[in-house]
Amino acid sequence: MSEETYRIFKVIFMFIILSLISCNKDIRYVYENEVTGNYCIDGSCKRLKNDRAITHDINSFTYDITKDLCPLCVRDKDRDYIKSIINLNIKNRKEIIYKNRKALYKSLIKDGHINTNKYDFDGFVEELKKYKHIHMLGIGGTSMSGIATILKKWGFYVTGSDANESELVDKLKNNGISVVIGHDLDNLRKADLVIYSAAISHDDIEMQEAERLNIETMERSTFLGIITKGYRDTISISGTHGKTTTTSMISVCFMEAHKDPTVQVGAILKQIDGNYRVGNSEYFILESCEYVESFLKFHPRTEVILNIDNDHLDYFKDLDHIKNAFVKFVELLPKDGLLVLNADDPNCVDLYKNTNAKIVTFGIKNEKSNFIARNITFDNNGFPLFDVYRNNSFYKSIKLSVPGMHNVYDALACIATCYEYGIDKEDIKEGLLKYTGAHRRFEFVGSTNGANVFDDYGHHPTEIKAVYDAMKKKKFNRSWVVFQPHTYSRTKNLLTDFAQVLSGFDNIIVTDIYAARESDTLGISSQNLVDQININRVGKKALYMSDFNEIAKYIRDRVMPNDIVLTIGAGTVTTIGPKIVGK
């Protein structure tokens, strides 16, 4: 038999085999699974119910020799022979899948609308396809700016307004999104949908105009919940403290492993040059806040719960109310989902009872934790080095580039999650080492007179204590703190706790309360906090100072070499650090 005749025989025989292994015997379609790169040879393959696929007419279908065969619809005994016939080459599959994914998104979007002829987002499309122009109020917010960019990448026409200029607003403009500082009634009147952040009140001018014109409005978290439907695997990181850091760590490790995730995080992350990233995979890594129970609108496949603490008491009645919100959050998980829990947090340990999802725990004190850190040490910068054990067997030694014991917990949550997603331990180790902190998380600002100045977002006593403990791991002379309380309700409810945790600093300055979404109706002020600190304080008294320029000058004139200065709070206190160092 000649070589040419043999090749023809193999091709004919391939089609005979394909017809035999088809679940329906009559092959009408071949499905290309654009996530895995597999060819599925029948229309009822179980894999297709979870993975999105492109259908092809078998009569006009041309095989791509770079694709593999789906393990669920091709029998093992036929696999090697079929693969040899169509000469599969898997060397460049990652690149091919990436290109296919990019091409798929292009085919989905046409003239600002999602094209549903080829692809179905399991109800997601039905909720979005009617919109062409989306206008966003408070578009410069951390979450809102991320949503705006995702929508822009998906082909929607996006406009918005915000009260202030910011780095995020500048980035949106650079990405071709129209943003007006103040109100933008012109674009609002042309919109099909108006999305608004929690900071926008009902009597806002644009909200009133949207109501007058009967334009549909939707709150940010509700819309973000719809977006999570568009991803097969949404990973929601929640908890009272540590969400931003853990979300950032997981994101960096996923990128280190080339998993190409979409990311939305609550701070600027150096590795993604912003607070969001639009990837081309099924993974959506999402920081998920419990405030007003907004995370109950999401559709997670994985939940990471770091801790539960008394916070947001302007909405929650008490700690039990907060814990109940997390119970409802856990109940959202599907049976094939994943729940990653802090085994050292007494408010978290019973949450596993509310789901049939897989449970993985992490901790430092609880020896029954699936992932536990042992032999923890700190270098002169306060950066931890520790050994990770999985189910009591040594897993890996990990070095962090961020200070403090609280970051060991966040890293353990990251490691547990990444392990369950099949990420190699070397990628996890390298990703965590590369993570040097998100914006405003013990972030180095600069130096003045030999003193180092740092800035942190902490606005709860537990967070301030974590920052204080991390600071104590460093070597320094005297400590300085400038604290800006965040919201009147939190200041009033946690006044004693704030006073206690701030008392450890050598020099304390408290500036005016940052109101955020609240009005001054509770009869509380920063002077009340200063007075509470000074009740039992021995030595230098805490000071109340209002003017940021005066605060910067006061510190600059008094710091000495090797002092450490921290500006702490979730508001405008972040602008004081640059003033101190003369930026």
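One can find the structure itself at the top, above this paragraph.
Residues numbered from 1 in each chain as written. Predicted model: local features only at pLDDT ≥ 70, side-chain atom pairs only at ≥ 80, totals over all residues. Heavy atoms only, no water.

Describing the sheet that holds strand β10 (residues 193-196)
Taken in spatial order, the five strands of this open sheet run β9-β8-β7-β10-β11, and their pairing is parallel. Strands with a single pairing partner mark the edges of an open sheet, and in this sheet they are β9 (178-181) and β11 (216-219). Direction aside, neighbouring strands of the sheet carry axes that sit 20 degrees apart on average. Of the strand pairs in this sheet, strand β7 (residues 133-137) and strand β8 (residues 157-162) are connected by five bridges, and their pairing is parallel. Note on β8: the bridge partner recorded for I134 is V158. Its contacts with the sheet put helix α5 (residues 142-153) on β7, β8 and β10, and the angle it makes with β7 is roughly 170 degrees. In the packing of helix α9 (residues 220-228) onto the sheet, contacts are made with β7, β10 and β11, and the angle to β11 comes to roughly 85 degrees. (Pairing = 2+ DSSP bridges. Helix = DSSP H or I, 4+ residues; strand = E, 2+ residues; numbered from the N terminus. Axes fitted to C-alpha atoms, helices over the stretch in contact; angles between N-to-C directions. Contact = heavy atoms within 4.5 Å.)

Some remarks on the sheet that holds strand β22 (residues 443-448)
Taken together, six strands build an open sheet; the order of strands is β22-β23-β27-β24-β25-β26 and the sheet is mixed. Lying at the two open borders of the sheet, with one neighbouring strand each, are β22 and β26 (543-544). Judged from the five bridges that link them, strand β24 (residues 479-483) and strand β27 (residues 564-568) form a sheet pairing that is parallel. Its bridge partner lying in β27, W480 is registered against V565. Here helix α17 (residues 526-534) sits on the sheet and contacts β24, β25 (507-510) and β26; the angle it forms with β25, its principal contact strand, is near 155 degrees. Along the sheet, helix α18 (residues 548-556) makes contact with β22, β24, β25, β26 and β27, crossing β24 at roughly 180 degrees.

Describing the packing of aromatic side chains
Applying the stated criterion across every chain yields a total of 15 aromatic pairs. On the basis of an interplanar angle of 90 degrees and a centroid distance of 5.2 Å, the ring pair of F295 and F326 is categorised as edge-to-face. In this pair, F295 sits in the loop between β15 (283-287) and β16 (302-305) while F326 sits in helix α11 (residues 319-330), placing the two residues 31 residues apart along the sequence. Grouping residues by exposure puts F295 and F326 together as buried. Among the aromatic residues, those joined into a cluster by ring pairs are F254, Y283 and Y421. Lying over the aromatic face of Y276, K171 brings its terminal NZ or CZ to 4.9 Å of the ring centre. When the ring centre of Y389 is taken as origin, the NZ or CZ atom of R374, which lies over that ring, is 4.7 Å away. (Phe/Tyr/Trp six-rings, centres within 6.5 Å; stacked < 30°, edge-to-face > 60°. Buried < 20%, exposed > 50% of the residue type's maximum accessible area, 1.4 Å probe, protein only. Lys NZ or Arg CZ within 6 Å of the ring centre and 35° of its normal.)

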